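A structural walkthrough
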Amino acid sequence: MFSKRELKTLSRYCSEDLYKAVLGLIKKQEYSNCVRVINTGMVSSGKSSIFNSLTDSITEEKFPTGAARTTVTADEFMVEHGIVFVDTPGIDVREEDDVLAFDTIASADLILMIHNVKEGDLIRSETDWIERLRDLKGKEFLQQKMIFIGSWIDERDRDGDYEELISKLKEMLYKSAGVEIPFFQVSAKRYLKGKRDMKKALVNKSGINELREYLFSLSDKILETKKDSISDEEGYILQKTIEELVLNKKKRELIIDNIKKNVTEYYQTSFISWETVFSTYKTYKDRLETLKKERSKM
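Okay, so let's go over this structure. All figures in this text were calculated on a predicted structure; none of them were measured in a lab. (Residues numbered from 1 in each chain as written. Predicted model: local features only at pLDDT ≥ 70, side-chain atom pairs only at ≥ 80, totals over all residues. Heavy atoms only, no water.)

**Side note on the sheet that holds strand S1 (residues 35-41)**
- Across the sheet, which stays open at both edges, the six strands sit in the order S2-S3-S1-S4-S5-S6 with mixed pairing between neighbours. With one partner strand each, in any of the chains shown, strand S2 (75-78) and strand S6 (183-185) form the two edges of the open sheet. Averaged over all pairs of adjacent strands, the angle between strand axes in this sheet comes to 25°, irrespective of strand direction.
- Taken together, the six bridges between strand S4 (residues 110-116) and strand S5 (residues 146-151) define a ladder with parallel strand orientation. Bridge pairing links His115 to Gly150 in S5. (Pairing = 2+ DSSP bridges. Helix = DSSP H or I, 4+ residues; strand = E, 2+ residues; numbered from the N terminus. Axes fitted to C-alpha atoms, helices over the stretch in contact; angles between N-to-C directions.)

**Let's talk about the pattern of salt bridges**
- Going through the model one piece at a time under the given rule, you end up with twelve salt bridges.
- Taking the shortest distance from any N to any O, the salt bridge between Asp135 and Arg134 comes out at 3.3 Å.
- The structure contains a network of salt bridges with shared partners spanning Glu16, Lys20 and Asp103. (Salt bridge = Lys/Arg side-chain N within 4 Å of Asp/Glu carboxyl O.)

**What about helix H4 (residues 95-105)?**
- Looking at H4, one finds that the buried residues are Asp97, Asp98, Ala101, Phe102, Thr104 and Ile105. Within H4, the buried residues cover an arc of 160° as seen down the axis, which keeps them to one side. (Buried < 20%, exposed > 50% of the residue type's maximum accessible area, 1.4 Å probe, protein only. Arc of directions from axis to C-beta.)

**Considering the side chain of Glu244**
- Turning to its location among the elements, Glu244 is positioned in helix H10 (residues 208-296).
- Lys240 provides the closest opposite charge to the buried, unpaired Glu244, separated from it by 5.7 Å.
- Among all residues touching Glu244, those that are not within four sequence positions of it are Cys14, Ser15 and Leu18. (Lys, Arg positive; Asp, Glu negative; His and termini not counted. Contact = heavy atoms within 4.5 Å.)

**Describing the packing of helix H1 (residues 4-13) against helix H2 (residues 16-30)**
- Between H1 and H2, the shortest axis-to-axis distance is 9 Å and the interhelical angle comes to 150°. With respect to each other, H1 and H2 are oriented roughly antiparallel. Contacts between H1 and H2 pair Leu7, Leu10 and Ser11 from the former with Tyr19, Val22, Leu23 and Ile26 from the latter.
- Along the lines of polarity and charge, the residues of the contact of H1 with H2 split into six nonpolar, one polar and no charged. (Parallel < 35°, antiparallel > 145°, perpendicular 65-115°, else oblique. Nonpolar A, V, L, I, M, F, W, Y, C, P; charged D, E, K, R; others polar.)

**Observations regarding the pairing of S5**
- Along S5, six of the six residues are buried, which leaves the element largely enclosed by surrounding structure.
- Following the backbone out of S5, through helix H7 (residues 162-177) and into the adjacent parallel S6, one traces a crossover that is right-handed. (Right-handed = clockwise from strand over helix to strand, strands pointing away.)

**Things to note about the environment of Phe77**
- Relative to the elements of secondary structure, Phe77 occurs in strand S2.
- C-alpha of Phe77 to C-alpha of Arg158: the two residues are 81 residues apart in sequence and 34 Å apart in space.
- Ignoring any residue separated from it by four or fewer positions in sequence, one finds Phe77 in contact with Thr55, Lys62, Phe63, Ile83, Val84 and Phe85.

**Re the packing of aromatic side chains**
- Within the structure shown, the criterion is met by six aromatic pairs.
- These aromatic residues form a ring-pair network of at least three members: Phe51, Phe63 and Phe85.
- Across from the ring centre of Phe102, 3.7 Å away, lies the NZ or CZ of Arg132, which sits over that ring.
- A cation sits over an aromatic face here: Lys137 above Phe141, 4.8 Å from the ring centre. (Phe/Tyr/Trp six-rings, centres within 6.5 Å; stacked < 30°, edge-to-face > 60°. Lys NZ or Arg CZ within 6 Å of the ring centre and 35° of its normal.)

**A short note on a nonpolar patch on the surface**
- The grouping of Ile255, Ile259, Val263, Tyr266 and Tyr267 at the surface amounts to a nonpolar patch, some 550 Å² of accessible area in total.
- Residue position: Tyr266 is located in helix H10. (Patch = residues over 30% accessible without salt bridge, like charges linked within 9 Å, V, L, I, M, F, W, Y side chains within 5 Å. Areas by Shrake-Rupley, 256 points an atom, 1.4 Å probe, with all protein chains shown as cover.)

**Focus: the nonpolar core**
- Counting residues in hydrophobic clusters, the biggest one holds 44 residues, and the most contacted among them are Trp129, Leu133 and Ile181.
- Ranked by the residues each element gives to this core, the list is headed by H7, at seven residues.
- Not counting residues within four places of it along the chain, the set of residues in contact with Trp129 comprises Thr40, Ile91, Asp98, Ala101, Phe102, Ile105 and Met113.
- Grouped together as the second largest cluster of nonpolar side chains are 26 residues, Val35, Leu54, Ile147 and Phe184 included. (Core = buried A, V, L, I, M, F, W, Y, C linked by side-chain atoms within 4.5 Å.)

Written out as structure tokens, the structure reads:
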């Protein structure tokens, strides 16, 4: 796609996000035989718990969870249908976590954006993150390959304003993504408890099975069309690269023009100032010469 020299040029003249998008696409080409499902969201949104549910990690967690921040690296686990679940750190806590999360997402085939519904509406950090992903991947990619998940529904779905909250979340999601995004409501807590206690009703009420079936179905389609999908994404990124390079060229030309203008104005001003000094000096010199002649006649 890009030579080392071209990548060096991109890193110098393009935005950091676009450069990471290029690196992510190169990495995605290396994983042509699998589907990388990468989660993202705030700390304690339930990312790791949902992955544990999707991978049926009932007695032993494949993805560590806890009250404190536990995911500090991009942990991976492969399951059937060629799916590789990639668990990323929560966003908006440490800059290095955001960087790792974004770098990992750049190579995603599917993105699970997870929001803790017990926290209410999307906050600014989440909407900004979605908009950043939209700019990185494009609206069409988000529409086809992003899944929004409302987690911890067991904490809110009995409340009278729950449906109003879900409606508001969908509205905010559409505004940030610019397109309709598949929306699931799940409870990893219900699923895991239902599996441990063999309570089918809890498992069915968790929404995890529906999400898993959707992921498997979508992943099969992605594997079938991955080559064409990468080609489409490559075309999108190439177009964005050209646009950025052209824009940066115009910005640099404007900077150069301003420098030239400032230098010209400086020398013009300096010339006028020195011309004034020279004129004043010449006046004094002529006067001195006149005084010398007058004195010699005395």
